[in-house]
Amino acid sequence: QVQLVESGGGLVQAGGSLKLSCAASGRSFRLNAMGWFRQAPGKERNIVAAINWNGGITYYADSVKGRFTISKDNAKNTVYLQMNSLKPEDTAAYYCAADSQFGARPTTSADEYDYWGQGTQVTVSS
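Each value, and the rule that gives it
- Residues numbered from 1 in each chain as written.
- Predicted model: local features only at pLDDT ≥ 70, side-chain atom pairs only at ≥ 80, totals over all residues.
- Heavy atoms only, no water.
- Salt bridge = Lys/Arg side-chain N within 4 Å of Asp/Glu carboxyl O.
- Helix = DSSP H or I, 4+ residues; strand = E, 2+ residues; numbered from the N terminus.
- Buried < 20%, exposed > 50% of the residue type's maximum accessible area, 1.4 Å probe, protein only.
- Disulfide = S-S within 2.5 Å.
- Pairing = 2+ DSSP bridges.

Engineer: Could you give me a rundown of the pattern of salt bridges, with the residues and numbers involved?
Structural biologist: Tallied over the entire structure, the rule returns 3 salt bridges. Of the charged contacts in the structure, one is a salt bridge between Arg38 and Asp90, with a shortest N-O distance of 2.9 Å. Of the two residues, Arg38 is situated in strand 4 (residues 32-39) and Asp90 in the loop between strand 8 (78-83) and strand 9 (92-102); the sequence distance between them amounts to 52 residues. The same class applies to Arg38 and to Asp90, which are both buried. Put simply, Lys65 and Asp62 hold a salt bridge, and the shortest N to O gap is 3.1 Å. On the basis of relative accessible area, Asp62 is assigned to the exposed category, the value being 64%. In the salt-bridge network here, residues are joined through shared partners; they are Arg38, Arg67 and Asp90.

Engineer: So what about the state of the cysteines? Which residues, and what values?
Structural biologist: Linking two cysteines covalently via their sulfur atoms produces the bond known as a disulfide. Overall, the coordinates contain 1 disulfide when judged by the stated rule. Across the disulfide, Cys22 is cross-linked to Cys96 (sulfur-sulfur distance 1.9 Å). Residue Cys22 is found in strand 3 (residues 18-25), and its partner Cys96 is found in strand 9; the two are separated by 74 residues along the sequence.

Engineer: Can you lay out the pairing of strand 3 for me, pointing to particular residues and giving the numbers?
Structural biologist: In the sheet, strand 1 (residues 3-7) pairs with strand 3 via 5 bridges, with the strands oriented antiparallel. When the bridges of strand 3 are listed, Glu6 appears paired with Cys22. Two elements, strand 3 and strand 8, share 6 bridges in a ladder whose sense is antiparallel. Residue pairing in the sheet places Ser21 in a bridge with Tyr80 of strand 8.

Structure representation (structure tokens):
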């Protein structure tokens, strides 16, 4: 059974940092693109960042460029999201996702991802 388990969320003051982790089990995602999405209450789930299988291609939403960094450790089957200079508007549930296609470029569409974690809450206080 494939599982993606996020961790690292929490409550932080504006300007602070958090690092989210997403550990995969049940299959290797060494050759797969992965992404981070977020969803605030009453809003749609939107892409935050995505990365291709070897980390050579990354994508960031405009709202997080320069503040967030996505990375992937294939040896650990884990994807990370380093979040710096956090703002109250970053408050949301954060989800990691994996694409089942081998070698695909990272996509920004949630529909293209086949596996999802259960989410971790990030709350940024002002």
